[in-house]
Structures are given as C-alpha cells and as structure tokens.
Amino acid sequence: MSTKRALLRARAPHQHHRVTYVELFFDLVFVFAITQISHTLLAHFTPLGVLQTTILFLAVWWVWIYTSWITNWLDPERTPIRVMLFGLMIAGLLLSTSIPKAFENRGLAFALAFVAMQVGRSAFTYWSIPRSEPGLRMNLLRITLWLACSGLFWIAGGLAEGQARLLLWIVAVAIEYCGPMMRFRFPGLGATPLEDWEVEGGHMAERCALFIIIALGESIVVTGATFAEATWTAPTVSAFVVALLGSIAMWWVYFHIGAEAGAEHISQSRDTGRLARLAYTYLHLPIVAGVVVTAVGDELVLAHPAGHADTKAILSIIGGPLLFLIGTILFKRSIRGIFQLSHLVGIALLVVLIPFAHSLSPLLLSTATTIVMLIVAAWEAISLGSGTKEDEI
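Residues numbered from 1 in each chain as written. Predicted model: local features only at pLDDT ≥ 70, side-chain atom pairs only at ≥ 80, totals over all residues. Heavy atoms only, no water.

Caption draft 1: Main features of the nonpolar core. By size, the foremost hydrophobic cluster in this structure holds 112 residues, and its most contacted members are Phe30, Trp61 and Trp154. For this core, the leading source of residues is helix H3 (residues 47–73), giving 15 residues. Every residue in contact with Trp154, bar those within four places of it in the chain, is listed here: Ile55, Ala59, Phe110, Ala111, Phe114, Val115, Trp169, Ala172, Val173 and Glu176. (Core = buried A, V, L, I, M, F, W, Y, C linked by side-chain atoms within 4.5 Å. Buried < 20%, exposed > 50% of the residue type's maximum accessible area, 1.4 Å probe, protein only. Helix = DSSP H or I, 4+ residues; strand = E, 2+ residues; numbered from the N terminus. Contact = heavy atoms within 4.5 Å.)

Shown next, in the form of structure tokens:
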C-alpha cells in the first residue's frame, strides 16, 4: 500500500466510521469560536453589527464543515492528518480570538487565519490523495483553486477598512458558498461530478450532530455564567430555568428523531455526496445559528427579565427558536421527504407571538417561546412513543 493510499480512510460496505478523539479535540477550538460569535452579536446588536456577525459566523461554520468533509475522506488516526489538524487548531485559535475585532483592527489576522485554514487544508488534502483516485484528486484541485480565489477577497478585505472591508468580505462569502452549489466549476477543469463527493454518511451525520452539541453547550455555558453573576431573585431564577428548558427542548427536537433518521438515511443513500451537501453543509446553518441567537436572547433575559421587551430582545428571543425550527424542518424534509406538522405548528405559533411581543416582558416572551419549543418536542415524543407516524405534509 502506498504512503498516500494509507492516508485515506478504509471503506467497507455498511461500515460506520466513528468520530475520532483528534476530531473531538479539534472541535474545542470551535467551542471557543461559537462563544466569540454570540458575545460579538450581543455587543453589536445593530443592523450593521448583525450583518458583520453573520459574515463571521458563516466563515466559522464553513471552515469547520469543510474540515469535516476532509476528515471523512482522510484518516485522522494517521500522523500526517493529525499534524494537519493540529495546525488548523493553531490557525483556528487565531481566527477565534480575532472575531470580536475582526471589523476593527484584527481584520487582517482573521482573514489570514481563515485563508490559511481553507487553502492550506485543501492543498494538503490534494497532496495526500494518490493518483489512483483521479476523481477525488481533481475535486480537491478545483476546491483549492476556488478557495484561493475567494481568499484574495478575504485578504483584500483584511487590508481594507470600514465599508470596503464589509463589501469585500461579502463577495468572499458569496464565492465560498457558491462553490459547492456550482460543484467548484473552474475554467479549464470543468465541474466535479457528485459521484466524486461520496462520503461515509454515518460519520458526516455524527460530526454535524456534535456541532449542534457544541452550540447547545455554548448556550448552557453562557446561561450559567450569566446566572452565576446575577442577583438571584425570583425573575432571574425563572429566566434561568426557562433558558435551560429551552435548550433541552432544542436538543429533543433535533436528536429525538432527526439526528438518528439523518444518519440512517444518508448511510443507506446511493447519493451521499448530494445529500451531505444539502442536508449537512447548507441546511445545518440555520439550526446552529438558531441556537446561537437563542443563547443571546437567554443572556438578555437574565440581565433584564422585567419591563417591556425591546427590539433586540424580540429578535433574539423569537428569532433564535424560529431559525432553529426552520432549519430543522428543512433538514428533516431533505432526509425524510416530508414537512413535519409539529414543526410547522411551532413556526406558526412563534410568528403569532411577534405582534404581541412588545407588550410582554422579556421573561414572559422567553417563557412563551420555550413553551412552543416544548410543545414541538412533546408532540414528537408522543407521536413516536405511541408507535404512530407523525402527521406529514
């Protein structure tokens, strides 16, 4: 067996590759990154701040999900792959620490770290793939060239200031996110056939489920830290309990049926590349974003549970669960072919809350959204527990 062939994961029919310890170790950097994202959003909750934080969040998710694709193809138990992941962790820590001031004096540091991770990892993977795998090898060449093109805009934005940086990074994000949709079509090289994107589905599903755990864990950490520093009054204790119940409901909605069904479906699919691109690369974005925004809302409620909810509180308290349910229903639709009625009802109830939100206190509004999430979770539990199939649309 050649040295490069040994770097690829060994595949066997109906075999589920476990997530390795080094992959979990790598994820620790992104626990910190998600914390930085939520704190940045909380500190800059203006239209411009939300746009800037969204760009940073999209970058963080993209570098993580690309790495998950790579470790699906390459074997993380091999020393060169581990060294590559450790290098990514170093760059990822620089990326994470730059997030709060990425649109101030650390833009170039953020851009250089991001480009180094994206281009460096893809170029290394291209080198690691033996010539006996021409399809996968050519796929990584296209990906590397595509990311190098977007990298020019990231670095140019890092060197620019103010509105110019924002516009350049919007272009960079657009290039990054259009890549998979266009199958990394590149002049002279064409586009990658989806057959060359085949993945081990169980591993991909487990990796993305673990990222949801990261986001939920960050939410609990932020809630716990804020509660620990607050004065323990009846409203703050109530806000803490409501926030924790909301996190539990989110976990239930995603993991009770969706995560396992997704893993089983993609593992049995004959078109794993297409499904991994849609269900896990793109549709997990609003799910993770919903958890992050909800964490911001929980922190706002703990800080000011009484009074009338302002626009910032309304957007985060309602917007977080709404994003989460929209992402989850689209994800489950992609793997099961149905729109789950419980999720549609939950989305409708959250929308109905919007006209009344200004008249409610942050605590009451948070309680209402948590009740909605608990209804969705209970609906799924009852429908599965009774052995009946949930209503479908």
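More follows now that the structure is in view.
Caption draft 2: Quick look at empty space enclosed by the protein. Taken as a whole, this structure holds 2 cavities of 30 Å³ or more when the rule is applied. One number sums up the size of the largest cavity: a volume of about 160 Å³. Taken together, 13 residues make up the lining of the largest cavity; nearest its centre are Tyr66, Trp69, Trp73, Ile143 and Phe184. Of all the elements in the fold, those that place two or more residues in the lining of the largest cavity are H3, helix H5 (107–128), helix H6 (134–159) and helix H10 (272–282). With 4 residues, the single largest contributor to the lining of the largest cavity is H3. A breakdown of the residues in the lining of the largest cavity according to their chemical character gives 8 nonpolar, 3 polar and 2 charged. As a volume, the second largest cavity reaches approximately 120 Å³. (1 Å grid on protein atoms, 1.4 Å probe; cavity = no way out; pocket = protein on both sides within 12 Å on 5 of 7 lines; lining within 4 Å. Points joined across faces, edges and corners; volume = space filled by probe spheres on them. Nonpolar A, V, L, I, M, F, W, Y, C, P; charged D, E, K, R; others polar.)

Caption draft 3: Up close: the environment of Gly135. Position of Gly135 among the secondary structure elements: in helix H6. Note: C-alpha distance between Gly135 and Thr367 (232 residues apart in sequence) is 52 Å.

Caption draft 4: Examining the packing of aromatic side chains more closely. Per the counting criterion, the structure on display carries 27 aromatic pairs. Each ring, one from Phe26 and one from Phe30, has its centre 5.2 Å from the other, and the planes form 50 degrees; the classification is tilted. Taken together, the residues span about one helical turn, with Phe26 and Phe30 both in helix H2 (residues 21–43) at a distance of 4 residues. One aromatic cluster in this structure is built from Trp62, Tyr66, Trp69, Trp73, Trp146, Tyr177, Phe184, Trp197 and Tyr282. When the ring centre of Trp169 is taken as origin, the NZ or CZ atom of Arg165, which lies over that ring, is 5.8 Å away. Over the aromatic face of Phe339 sits the side chain of Arg333, whose NZ or CZ is 5.2 Å from the ring centroid. (Phe/Tyr/Trp six-rings, centres within 6.5 Å; stacked < 30°, edge-to-face > 60°. Lys NZ or Arg CZ within 6 Å of the ring centre and 35° of its normal.)

Caption draft 5: Spatial organisation of the packing of H3 against helix H7 (residues 162–181). In the contact formed by H3 and H7, the axes pass within 11 Å of each other and the chain directions differ by 35 degrees. Crossing geometry of H3 relative to H7 is assigned as left-handed. Packed against H3, whose contacting residues are Leu48, Leu51, Gln52, Ile55, Leu56, Leu58, Trp61, Trp62 and Tyr66, the element H7 presents Leu166, Trp169, Ile170, Val173, Glu176, Tyr177 and Pro180 at the interface. Of the residues assigned to the contact of H3 with H7, the class counts are 14 nonpolar, 1 polar and 1 charged. (Axes fitted to C-alpha atoms, helices over the stretch in contact; angles between N-to-C directions. Left-handed = near helix turned anticlockwise from the far one by under 90°.)

Caption draft 6: Looking closely at the side chain of Thr20. Note that Thr20 resides in the loop between helix H1 (3–7) and H2. Using a relative accessible area of 3% as the deciding quantity, one classes Thr20 as buried. Excluding its chain neighbours within four sequence positions, the residues that come into contact with Thr20 are Arg9, Pro76 and Glu77.

Caption draft 7: Structural detail: the pattern of salt bridges. Going through the model one piece at a time under the given rule, you end up with 7 salt bridges. Its salt-bridge partner being Glu77, residue Arg18 comes within 2.9 Å of it at the nearest N-O pair. With Arg18 in the loop between H1 and H2 and Glu77 in the loop between H3 and helix H4 (79–98), this pair connects stretches of sequence that are 59 residues apart. In this structure Glu77 comes out as partly exposed when scored by relative accessible area, which is 31%. (Salt bridge = Lys/Arg side-chain N within 4 Å of Asp/Glu carboxyl O.)

Caption draft 8: Just unusual backbone geometry, in detail. Although it is not a glycine, Arg183 adopts a positive phi angle of roughly 55 degrees. Here Arg183 lies in the loop between H7 and helix H8 (201–229). Owing to a relative accessible area of 27%, Arg183 belongs among the partly exposed residues under this scheme. The phi torsion at Phe184 lies on the positive side, around 55 degrees, for a residue other than glycine. With respect to the element layout, Phe184 can be found in the loop between H7 and H8.

Caption draft 9: Quick look at the packing of H3 against H8. Where H3 meets H8, the axes come as close as 10 Å, and the angle between the chain directions of the two elements is 150 degrees. Judged by the inter-axis angle, H3 sits roughly antiparallel to H8. Both H3 and H8 take part in a crossing whose hand is right-handed. Contacts between H3 and H8 pair Trp61, Trp64, Ile65, Ser68, Trp69, Thr71 and Asn72 from the former with His203, Met204, Arg207, Cys208 and Phe211 from the latter. Of the residues assigned to the contact of H3 with H8, the class counts are 7 nonpolar, 4 polar and 1 charged. (Parallel < 35°, antiparallel > 145°, perpendicular 65-115°, else oblique.)

Caption draft 10: The state of the cysteines, seen in detail. Enumeration over the complete set of coordinates arrives at 0 disulfides. Cys178 provides the cysteine sulfur closest to Cys149, a residue in no disulfide bond, and the two sulfurs are 13 Å apart. What makes Cys149 partly exposed here is its relative accessible area of 35%. (Disulfide = S-S within 2.5 Å.)

Caption draft 11: Examining the side chain of Asn72 more closely. Mapped onto the secondary structure, Asn72 falls in helix H3. The exposure class of Asn72 is buried, given its relative accessible area of 0%. Looking at Asn72, its side chain comes within polar contact range of the side chain of His203, at 3.1 Å. Aside from chain neighbours lying at most four places away, what touches Asn72 is Arg9, Arg11, Val199, Glu200, His203 and Met204. (Polar contact = N/O pair within 3.5 Å; in protein donor to acceptor, adjacent residues only side chain to side chain.)

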